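Structural overview for review
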Amino acid sequence: MNNALDKNYDAQTVQREMWELWEKANAFHAEPDASCGVRDAGCEDGQNANRTAHTAQRKPYVIVIPPPNVTAALHLGHALNNTIQDVLIRWRRMCGDNAVWIPGTDHAGIATQTIVDKRLQTEGKPALKDYKKLEAEGYAGREQFIALVQQWKDEYEATITNQLKKMGCSCDWERQAFTMDTVRAKAVREAFFQLFKDGLIYRGKRLVNWDPATQTALADDEVEMEEIDGHFWYMKYPLVKEGTEGLRDKGNEEFVTVATTRPETMLGDTAVAVNPNDPIRKHLIGRKVLLPIVNREIPIIGDEYVVIPDPESEDAKAKYASGFLKVTPAHDPNDYEIGQRHHLPVINVMAPDGTISDQHGWPPEDCAKGDAGFLLGMDRYEAREAIVEWFRKNDLLAEVKPYRHSVGHSYRSHVAIEPYLSDQWYVKVTDDRLRGAALRAMADGEGTEGRRDEGTKGKSGYEGQLRFTPERYAKTFRGWHENIRDWCISRQLWWGHRIPVWSQLHVTGHDLNHSGLLDYIDAEQKKSSPTVWFTYSDITDDDSVKKMLVPYVPGSTKRVRNRLGDTYNFHVCLRSDDSEWINKLETAGLVRDPDVLDTWFSSGLWPLSVMGWPEETAELAAWNPSSTLSTAREIITLWVSRMVMFNIYFRGCVPFRDVFIHAMIQDGEGRKMSKSLGNGVDPLDIIATHGADAMRFTLALMTTQTQDVRMPVERDAASGKNTSPKFDVGRNFCNKLWNAGRFAMEVLGESRDGGTKGRRDEVKERSLADRWILSRLARTVKAVDEALGAFQFSAYVQALYDFFWRDLCDWYLEAIKPVARTDTPEGEAARATLAACLDAVLRMSHPVMPFITEKMWTPAPGSPGRGRDRSIAGVELPGSELCINAAWPKVSQKLVDEDAERRWALMQEVVGAIRNIRNQYGVPPRQVVKVTIRVEGIEASVIGDCVELLKTLGGVEVCGIGADVAEPEGAVKATVGSMRVMIEGLIDPEAEKQRLGKRLAELEKSRSALIGRLNNKGYADKAPAHLVQQTRDQLAQVEAELASVGKMLKGLG
RNA sequence: GGGCGAUUAGCUCAGUUGGCUAGAGCGCCUCCUUUACACGGAGGAAGUCGUGGGUUCGAGUCCCUCAUCGCCCACCA
């Protein structure tokens, strides 16, 4: 390795070298320290006061990465989030914590499956459809397809890992996890089993968000609303004459008119509703209508959900409403609820692909009663047109109005969601053990109102432990849980954790008993740690639509035994892939559920599963709960919520203490970055053009608490890659740091003491410059600690920037140049101070710019670091081989020196005035000018002590300082507070006299013009007042300048 | 429709219990290749802090109104 820093900073080489150095040192790896966990250590103070560095008892600091989806490479948003996490981890590691950052990836069920399918299609290869066909024919199509997805996953997992490493992420790479690897699979099985056993997982027939394209159910939050230009169709349903039910009186018909945006669902109508408070229509409640096309007779019911029409209303619904609402329980969530309230039949008229069908809940005999046959097999949109056309032809279409409204679309396939009645598995998140616990977990009163069950006496280990930053996101979290519905967890996909349930539907108790299954299960369920658990629903005397699954307790197959004649849907959950049990179940005729789990089920377990749960590992004991979760706000509901509920449920504690919600990165126009817009930026591209440190620095600088980050994107002509000039800031900072380091090392290296001789000097001996810069250092360390503790990454970077560039480089380095290389006490002290400051800067910068700081740490003997202790009085900088492991600087606040700061500020002002004058008069940089300063009182002595500094920084020769120094002839003067700074020799008196004389003439001319105008009676009386005033003001200004110029002329003699 | 956030120099943003003569970076203008750095240095111009009210000795900061933009949630009559 070189002994000195190269002239130019080569980010790419440094990144490679430093990464190898860290890997060789195994610097990222941590082992759990069994003696203490986050949960014991952290409550009283999660942020600071963590100065137990290098002692035996280390506090854990744990971050579990939000696992990126293996669907695609990481983008800038990930770069931001992972920069934040790495900053925190590296900071805490340097503070002496046992810091660990656990990496991993997410299988991202539907997203990955869809992307792989799409790619296969575009490549013209056999795609999902074809494998489904194979599977149907018994040829293991499922396995083959999953193998292809696995390939994709391997590829992208490698890509993502590489990206994170290139960014410098100091994850414990030995602990890399994947949501679908064997350890995580075990956690998923255990969690599912426990929830199943505890009655928190049930099978329900409900309206789900059905994606007819991918043919799977979606969670509520996988549905995106899109504005659609649609129509309102007003359709007339003939009233059945009272007393003549079943007959249609062709001659003298009455109608009710329903309004709908979805005419095709009318096939499944089972009622028409009116508001019981509707004075005009309520009398029709109890009557019946004959549903056109289908000839189904359906009741008119009263339900307050119905909006009473009001054409004047601002509300679109009231404006468009007809007062009659068609009720289609199978195809609309609200109608479904109305149906439940009124015990209406549920008639599903569509197949899973969105075509009209009488095979999925519409009894063929009911369908055959009317004329609906021609619609069977039509796509829902075709059927819509056909039905509208039918109504038109039969003179039953009253009106059509255009209507813009939003419609749910699949976030994957982007087709409109069909509310669809189907059998799905649900987690009963509305249970107080899940939802209630999550609400109670929130800190600072957030969540305490959610505590409804006073029976839970006192705090139970998790309450009030969860804190959001920025705080406002606690509201999002709370609101979500208050309105949550049970969570549909089954997905009709192949890529995912397969649901560990074996079922037999419509089976009699006799059959179950006969196979001996009930005996096996009884025996197993009595064990303290059973492998199987069963539930059933009795479908004999109730339609399965309403019946939920009944979880059963040990020994209670009795009920089935007692009613062997009944028919059941029978479900058995297996805790593990126990082949003996699988054999028993399948012999008995049970079949494994083909569905997989919602991807969020496994990511919800992430903080547990990465620690090896359900095994009682040392990691689990020490590192769950973790310390901080850093994530994007769009994921608070999808992910954070579920982790909190699961962790509390399975382990009785929160999964993490702090949730930091970071900003979103948008493009220059405030749009989301996305592939379709082509405005996405690959972090690797930025690393190539600007360097990893520059990227991290810039991202951290832009991360404020309130604003999303706008990132103007440019296309680099040479590479064709997207980049942004925003990252120049970071690159420039790196460059500056590099060069300041080179300068310092040169100065320290030249001297015999290497900058260590003055280290034990006393404060009183320090020069003003030393006192001042150490005061600034003390303030900076404090500011940086506070910023990082409060997740204020921008403030952290800004404080570094100001101290290093503005104070250290612009002023201190320049100030000490004359003495820095001298073999004097002052020179020694300056070198020690410089070494300490730069060393501290490297340490403080390391979390955000790890590569360059590590590089600058190691190379030269005279340089900071290399195991060398750089401490000086009040500044603790113990030696360390590597920067990554160096102790975080500890600086005494006693170094804050307000007197030195005041003196320095005064000196800076004088220098500023001098420089201003020099610039204005075009004095060449090296030309020394003569300055005289008129100053009184204490300030006189302050400035008097700064003569050398003024000389160095202002390029002046000081001719006089004092209250009554004579004003030099022909001097240029400036006022600084009560001081007067005068520089002579800049003005050629004759030329200046001429210039001023000319100006004097101009001013006098304009003065007489203004006076003339004001003396004009007409003007003074008639012109608008403000104009007159303006003229007066102008005159006053001219007078003032005249006086000034006159004085100057007099001064020139 | 409900909620949250934003609106400060040409651009991107700071401004944490009300005291600001409102800051930074980029860009712009002038000067400078001086032996750490032109990815640099010195200086400069540039804002009635979205609108309209209110509270206060004092408001970018607190309250209300409106406008514009963004996000989240709800909703296929």
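Residues numbered from 1 in each chain as written. Chains lettered and ligands numbered in written order. Predicted model: local features only at pLDDT ≥ 70, side-chain atom pairs only at ≥ 80, totals over all residues. Heavy atoms only, no water.

Structural notes on the protein's contact with RNA strand B
Heads up, the rule is: Whether a residue is near a molecule or strand depends on its heavy atoms: it is near if one of them lies within 4 Å of it. Polar contacts here mean pairs of N or O atoms no more than 3.5 Å apart (in protein, one a potential hydrogen donor and the other a potential acceptor; neighbouring residues in sequence count only if both atoms are side-chain atoms). Residues were grouped as follows: Ala, Val, Leu, Ile, Met, Phe, Trp, Tyr, Cys and Pro as nonpolar; Asp, Glu, Lys and Arg as charged; and all remaining residues, including Gly, as polar.
Around RNA strand B lies a shell of 56 residues, among which Met225, Phe232, Thr261, Asn334 and Thr704 are the nearest. Atoms of RNA strand B within 4 Å of the protein: sugar and phosphate make up 68%, bases the balance. At a separation of 3.1 Å, a sugar or linking oxygen of RNA strand B approaches a polar side-chain atom of Arg742. Classifying every residue of the surface near RNA strand B by side-chain character gives 19 nonpolar, 16 polar and 21 charged.

Side note on the state of the cysteines
By definition, a disulfide links the sulfur atoms of two cysteine residues through a covalent bond. Basically, it comes down to this: Note on terminology: pairs of cysteine sulfur atoms within 2.5 Å are recorded as disulfides.
As enumerated under the stated definition, the model contains 0 disulfides in all. With no disulfide of its own, Cys809 lies 11 Å from the sulfur of Cys837, the closest cysteine sulfur. Of all cysteine sulfurs, the one in Cys959 lies closest to Cys946, which takes part in no disulfide; the gap is 17 Å.

Comments concerning the environment of Val610
Defined as follows: Working definition: helices are DSSP H or I runs of at least four residues, strands are E runs of at least two. Numbering for both runs from the N terminus. Contacts are residue-level and defined by heavy atoms, with any inter-residue pair within 4.5 Å sufficient.
With respect to the helices and strands, the residue Val610 is situated in the loop between helix H19 (606–609) and helix H20 (618–623). In this structure, the C-alpha to C-alpha distance between Val610 and Ser170, residues 440 residues apart in sequence, is 17 Å. If we skip the residues at most four places from it in the chain, Val610 touches Val64, Ile102, Ala177 and Arg184.

Focus: the sheet that holds strand S14 (residues 418–427)
Put simply, the test is: What makes two strands pair is DSSP finding at least two bridges between them.
On the basis of which strands lie adjacent, the open sheet formed by 4 strands has the order S6-S5-S14-S16 and antiparallel pairing. A strand with exactly one partner marks an edge of an open sheet, and here the two such strands are strand S6 (216–218) and strand S16 (487–488). In terms of strand pairing, strand S5 (residues 201–211) meets S6 through 3 bridges, oriented antiparallel. Bridge pairing in S6 links Trp210 to Ala217.

Comments concerning the environment of Glu634
Within the secondary structure layout, Glu634 lies in the loop between strand S24 (626–632) and helix H21 (636–651). Spatially, the C-alpha atoms of Glu634 and Gln85 are 18 Å apart, while their sequence positions differ by 549 residues.

A short note on the packing of helix H15 (residues 517–525) against helix H17 (residues 579–587)
What counts, and what does not: Lines fitted to C-alpha atoms define the axes here, with helix axes fitted over just the stretch in contact, and angles between the N-to-C directions of these axes take values from 0 to 180 degrees. In this scheme the crossing of two helices becomes right-handed for a clockwise turn of the near helix relative to the far one and left-handed for an anticlockwise turn of less than a right angle.
Orientation of H15 relative to H17, taken along the N-to-C sense of each, is 145 degrees, at an axis distance of 10 Å. The two elements H15 and H17 meet at a crossing, and its hand is left-handed. Within the contact between the two elements, H15 uses Leu517, Tyr520, Ile521 and Glu524 and H17 uses Trp581, Lys584 and Leu585. Class assignment of the residues belonging to the contact of H15 with H17 gives a composition of 5 nonpolar, no polar and 2 charged.

Section: the nonpolar core
How we decide: What makes a nonpolar core is a set of buried Ala, Val, Leu, Ile, Met, Phe, Trp, Tyr and Cys residues whose side-chain atoms join them at distances within 4.5 Å. When accessible area is computed with a 1.4 Å probe and restricted to protein chains, residues below 20% of their type maximum are described as buried, those above 50% as exposed, and intermediate ones as partly exposed.
Ranked by internal contacts, the top residues of the largest apolar core, which has 207 residues, are Leu76, Phe192, Phe468, Phe601, Leu777 and Phe804. Sort the elements by how many residues they give to this core and helix H26 (residues 793–820) lands first, with 17 residues. Ignoring any residue separated from it by four or fewer positions in sequence, one finds Phe804 in contact with Phe733, Lys736, Leu737, Ala740, Cys809, Leu838 and Val841. Core analysis: the second largest hydrophobic core is formed by 42 residues, Val256, Leu284, Phe324 and Phe391 among them.

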